[in-house]
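Overview (structure and organization)
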Amino acid sequence: QQQQQQQHHQQQQALQTQLVEECLYAAQRSALRAFATGHAGTASTMVNVCTDTLSRVFLEVLSHRADHAILSLRPGEGLLHSNSPWSRSTPAALDSIMSSAQKGLAAAQTGKTLPSMRHDDHHDENEKRLRAISHACATLNDMEVAVDYVRRLELKFMDELMASYAAGKKETEQLRACVRTLTPVMDSMKEASSHIAERLIDALLTRVRNIVNDTVGGEGMAGTGGGGLGVGSKVGGVSVGSGMGAVGSGFSAAVMGGVGVVGGGANSTMLGLGMNYNLDDEAYELNQIGEGYMGRICNMIQELINPLRMYLTPKLSDTVILGVIGCASKRLEASIRRNQFTALGALALDSDFRFFVNFAKDNVNAPELLSNISLYKACNPLSRLAQVALLMNVDDLEDVLDLISISKKKRMWDLSLNDAKAFLTLRVDFEARKVNELLQISDDD
């Protein structure tokens, strides 16, 4: 019920500009007047003009407007979050979208100036930014809205044809064929809408990669993975951090991932809640009481996508969310490959992964995506993470072949044998020699 309420709320907030409605209304009125003449040739000519205009001029205009909207939303350069909540966007991005916005309206109406306007100015700027984001999202929604309008336009023309023209006549069938040319137009708009979603995802990927890299520690920061001391390892009772050599208490190594300051990322001064799966009993218990890196990743992604979820259509929003989740999943898989795992660390990975899956479900709208199977099919990188979590949590190496065999029969396994070997050798209690001996089979078996 709560999910349905969220979907209804989002659908109410999803916006569109007046361009689509006005253009499709003009096309409909012009064609219906031609239908009213009773002359099939005139009606066919008008339908062809509408089809040609929609497929060339109208589609090009919507695509061009969408490109500008995506550019205005680009994190860091545009309106969306970059490094901190409501990070300052470039004034040009705001002015190009909201040139008509007027600041200090209340003061102008009253003729009074408040003693301190800093808080009010900041609030006004945030409100202005939200309005600009909503306008950009409405522009992106237009292509998806146009698909629905063209579908309804075709149905309207078919109804008018059946009501006004005798069936079976050659002229009537020619008119019917002309009306059906709106279907390819609709398909072209669907394809264009998919391309818009892809371009919007591409604009967000750099920020998503930085979120994951900065949080888990980036290259060479998330554990040794090479036989050295891993995160949460102990020397003389003192917990040792990651490859940076950071040394801290048992609490900081477990909860903070043994990383004091994360370097090499976009936010080099950000305090790292690093990836840490080389856990003993004490470190595992301490790990459970902290937010951990996964919670931080989800919070930062949430800040990034919330405005889009508010104003994009549910279908477009889901496509963007799955793209963002997929990008984060790829970076997480790469970071996992640089860690070492104890059996308790594998349990912690499974817990983190479930948290990430629940985060994805909380942000999608389509009811079918609330099923794990459907969600994995829609987002392959997330499916791979699920397979990694299952693989890392086998109790015994002898169980690996059964796990792979059963998963392949369900068509829910696409990790190669080399991938499986690479992940299993990360378990400190599994000998690499035994792993290699066990997996001496082909990928087709």
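Preceding this paragraph is the structure being described.
Residue numbers here run from 1 along each chain, matching the order of that chain's written sequence. Residue-level local features of this predicted model are given only where pLDDT is at least 70; pairs of side-chain atoms are given and counted only at 80 or more, and the full residue set underlies all totals for whole chains, interfaces and linings. Only hydrogens and water are removed before side-chain values are computed, so all heavy atoms of the structure are retained for them.

1. Side note on the nonpolar core
- What we call a nonpolar core is a set of buried Ala, Val, Leu, Ile, Met, Phe, Trp, Tyr and Cys residues that are connected through their side-chain atoms within 4.5 Å. To sort residues, take the accessible area from a 1.4 Å probe on protein chains only and compare it with the maximum for the residue type: under 20% means buried, over 50% means exposed, and anything in between is partly exposed. F35, L140, L332 and F356 are the most contacted members of the largest nonpolar core, which has 118 residues in total.
- Here this core gets 16 residues from one element, more than from any other, and that element is helix α8 (residues 182-216).
- Residues contacting F356, with those up to four places away along its chain left out, are M294, C298, I325, A328, S329, L332, L382 and L385. The secondary structure listing takes helices from DSSP runs of H or I that are at least 4 residues long and strands from runs of E that are at least 2 residues long, numbered from the N terminus. Residue contacts are defined here by distance: any two heavy atoms, one from each residue, within 4.5 Å place the two residues in contact.

2. A look at the packing of helix α11 (residues 292-311) against helix α13 (residues 343-363)
- Running from N to C, α11 and α13 cross one another at 10°; their axes reach a closest spacing of 11 Å. Considering their axes alone, α11 and α13 lie roughly parallel with respect to each other. Listed contacts from α13 to Y293, M294, G295, C298, I301, Q302, I305 and R309 of α11 are D352, F355, F356, F359, D362 and N363.
- The residue inventory of the contact of α11 with α13, partitioned by class, reads 8 nonpolar, 3 polar and 3 charged. Only C-alpha atoms enter the line fits that serve as axes; for helices the fit covers just the stretch in contact. Angles between N-to-C directions range over 0 to 180 degrees. Any angle that is under 35 degrees is reported as roughly parallel, and any over 145 degrees as roughly antiparallel; angles of 65 to 115 degrees are reported as roughly perpendicular and all others as oblique. When residues are sorted by character, Ala, Val, Leu, Ile, Met, Phe, Trp, Tyr, Cys and Pro go into the nonpolar class, Asp, Glu, Lys and Arg into the charged class, and all the rest, Gly among them, into the polar class.

3. Here we look at empty space enclosed by the protein
- Here a cavity denotes grid points, spaced 1 Å and computed from the protein atoms alone, that fit a 1.4 Å probe unable to get out, and a pocket denotes an open set having protein on both sides within 12 Å along at least 5 of 7 lines; residues with an atom within 4 Å of a point are the lining. Grid points are joined across faces, edges and corners, and a volume is the space filled by probe spheres set on the points. With the rule as written, the count across this model stands at 2 cavities of 30 Å³ or more.
- Counted as a void, the largest cavity has a volume near 60 Å³.
- Looking at the largest cavity, the residues that line it are Y293, M294, L332, I336, L349, F353, L385 and A389.
- Breaking the lining of the largest cavity down by element, the ones donating at least two residues are α11, α12 (314-336), α13 and α15 (380-392).
- Grouping the amino acids of the lining of the largest cavity by side-chain chemistry returns 8 nonpolar, no polar and no charged.

4. A look at the side chain of N339
- Residue position: N339 is located in the loop between α12 and α13.
- A distance of 2.9 Å separates a polar side-chain atom of N339 from the backbone oxygen of S335. N or O atoms closer than or at 3.5 Å make up a polar contact, with two conditions inside protein: a donor-capable atom paired with an acceptor-capable one, and, for residues adjacent in sequence, both atoms drawn from side chains.

5. A closer look at the layout of surface pockets
- Taken as a whole, the largest pocket holds about 380 Å³ of empty space.
- Forming the walls of the largest pocket are 18 residues, and the residues nearest its centre are F353, N372, Y376, A386 and L390.
- Taken together, the elements giving at least two residues each to the lining of the largest pocket come down to α13, α14 (372-378) and α15.
- Broken down by element, the residue count for the lining of the largest pocket peaks at 6 residues, all from α13.

6. Quick notes on the packing of aromatic side chains
- Any two of the Phe, Tyr and Trp rings considered here, Trp counted by its six-membered ring, make a pair once their centres fall within 6.5 Å; the pair's planes then place it as stacked at under 30 degrees, edge-to-face at over 60, or tilted in between. For the structure shown, the criterion picks out 6 aromatic pairs.
- Between Y277 and Y293, the aromatic rings sit 6.2 Å apart at their centres with planes inclined by 80°, giving edge-to-face as the arrangement. Taken together, the residues Y277 in the loop between α9 (250-255) and α10 (281-287) and Y293 in helix α11 connect sequence positions 16 residues apart.
- The buried category is assigned to Y293, whose relative accessible area is 4%.
- Take Y277: its relative accessible area is 1%, and that puts it in the buried class.
- Taken together, F35, F157 and Y165 form an aromatic cluster joined through their ring pairs.
- One residue, R427, lies across the ring of F430, its end atom 4.3 Å from the ring centre. Note on geometry: a ring has a charge over it if NZ (lysine) or CZ (arginine) is within 6 Å of the ring centre and within 35 degrees of the ring normal.

7. Points about unusual backbone geometry
- One non-glycine residue, R411, adopts positive backbone phi at about 60°.
- Along the polypeptide, R411 turns up in the loop between α16 (399-409) and α17 (417-424).

8. With respect to the pattern of salt bridges
- We count a salt bridge whenever a side-chain nitrogen from Lys or Arg sits within 4 Å of a carboxyl oxygen from Asp or Glu. A complete count under the given rule lists 16 salt bridges for this structure.
- The shortest N-O distance in the salt bridge between E125 and R129 comes to 3.1 Å. Of this pair, E125 and R129 both sit in helix α6 (residues 118-164), 4 residues apart, which is roughly one turn of that helix. A single burial state applies to E125 and to R129, both of which are buried.
- Here the salt bridges do not stand alone but share partners, grouping E333, R337, R384 and D419 into one network.

9. Here we look at helix α3 (residues 40-73)
- Here α3 is 34 residues long and its end C-alpha atoms lie 47 Å apart, about the 50 Å a rise of 1.5 Å per residue gives.
- Bending of α3 peaks at approximately 35° at the position of L54. Multiply 1.5 Å by the residue count of a helix minus one, and that product is the helix's expected span. A residue's bend is the angle separating two fitted axes: one through the seven residues that end there, the other through the seven that start there.

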